Amino acid sequence: MYVRFQSPEPNRRGVHPGVFGLVNRLGKEGRLSPREERFWREGNAWYEANVTDPSAVDPTVYDRELNPGAAAWFKASASHLIDRVAGYLEILDAHGERCVRVESPDPGRVVYEDDDQVVVVQHEDGPAPDR
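Remarks on the sheet that holds strand β1 (residues 2-6)
Here is step 1 of the chain: One open sheet holds the five strands; their spatial order is β3-β1-β2-β5-β4, and the pairing between them is antiparallel. What marks the edges here is a single partner per strand, and that holds for β3 (100-104) and β4 (108-113). Each adjacent strand pair in this sheet contributes to an overall mean axis angle of 40°, direction not counted.
Here is step 2 of the chain: Direction of pairing for β1 relative to strand β2 (residues 71-75): antiparallel, over a ladder of two bridges. Within β2, the residue paired with V3 across the bridge is F74.

Some details on the side chain of Q6
Here is step 1 of the chain: Relative to the elements of secondary structure, Q6 occurs in strand β1.
Here is step 2 of the chain: In this structure the side chain of Q6 is engaged in a polar contact, spanning 2.8 Å, whose partner is the side chain of R4.
Here is step 3 of the chain: With near-sequence residues (within four places) excluded, Q6 lies in contact with H16, P17, G18, V19, L22, C99, V100 and V102.

Remarks on the nonpolar core
Here is step 1 of the chain: By size, the foremost hydrophobic cluster in this structure holds 18 residues, and its most contacted members are F5, Y47 and F74.
Here is step 2 of the chain: Every element with two or more residues in this core is listed here: β1, α1 (19-28), α2 (34-50), α4 (79-82) and α5 (86-94).
Here is step 3 of the chain: Residue contributions to this core peak at four residues, all from α1.
Here is step 4 of the chain: Listed in part, the six residues of the second largest apolar core include W73, V102, V118 and V120.

Here's the deal with the pattern of salt bridges
Here is step 1 of the chain: The final tally for this structure, using the stated rule, is seven salt bridges.
Here is step 2 of the chain: Two residues, E29 and R25, come together in a salt bridge whose shortest N-O distance is 3.6 Å.
Here is step 3 of the chain: A residue is classified by how much of its surface remains accessible, and R25, at 31% relative accessible area, is partly exposed.
Here is step 4 of the chain: A salt bridge links R101 to E103, with the nearest nitrogen and oxygen atoms 2.7 Å apart.
Here is step 5 of the chain: Among the residues examined, R101 registers a relative accessible area of 46% and is labelled partly exposed.
Here is step 6 of the chain: A residue is classified by how much of its surface remains accessible, and E103, at 28% relative accessible area, is partly exposed.
Here is step 7 of the chain: Through salt bridges with shared partners, one network takes in R25, E29, R31 and E97.

So, the packing of α1 against α5
Here is step 1 of the chain: Contact geometry of α1 with α5 gives a least axis separation of 10 Å together with a crossing angle of 50°. Comparing their axes, α5 and α1 come out oblique. As α1 packs across α5, the resulting crossing turns out to be left-handed. Two secondary-structure elements touch here, α1 through V19, F20, L22, V23 and L26 and α5 through Y88, L89, I91 and L92.
Here is step 2 of the chain: Considered class by class, the residues forming the contact of α1 with α5 number nine nonpolar, no polar and no charged.

About the criteria used
- Residues numbered from 1 in each chain as written.
- Predicted model: local features only at pLDDT ≥ 70, side-chain atom pairs only at ≥ 80, totals over all residues.
- Heavy atoms only, no water.
- Pairing = 2+ DSSP bridges.
- Helix = DSSP H or I, 4+ residues; strand = E, 2+ residues; numbered from the N terminus.
- Axes fitted to C-alpha atoms, helices over the stretch in contact; angles between N-to-C directions.
- Polar contact = N/O pair within 3.5 Å; in protein donor to acceptor, adjacent residues only side chain to side chain.
- Contact = heavy atoms within 4.5 Å.
- Core = buried A, V, L, I, M, F, W, Y, C linked by side-chain atoms within 4.5 Å.
- Buried < 20%, exposed > 50% of the residue type's maximum accessible area, 1.4 Å probe, protein only.
- Salt bridge = Lys/Arg side-chain N within 4 Å of Asp/Glu carboxyl O.
- Parallel < 35°, antiparallel > 145°, perpendicular 65-115°, else oblique.
- Left-handed = near helix turned anticlockwise from the far one by under 90°.
- Nonpolar A, V, L, I, M, F, W, Y, C, P; charged D, E, K, R; others polar.

If you want it as structure tokens, here you go:
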């Protein structure tokens, strides 16, 4: 099983931005309170130190032509990573930004995989739903 936190609405490119992208946008726009900004910076630093950046392993992973709409999903077994998302969700909620948890046994064609995550190109009809 795989888990992703994302906007329920696609952006102008047709991609559902993930939880980190949504909070990063708020931070870059200067919309976070000092407490939220501290959490955001510390949280991002923790993830950068503890999760492999797929594009550092394979620079083509997020190439828009080779892998259109590529998105990262946590493996359900990566609870040490998933549990830390709660603070990001609190920030989004405080700013009226919607973010949903999506689970799927088959989110798409895998273009990258490690112990904690996969990056997939979504199937044309979307991820297979959790049944």
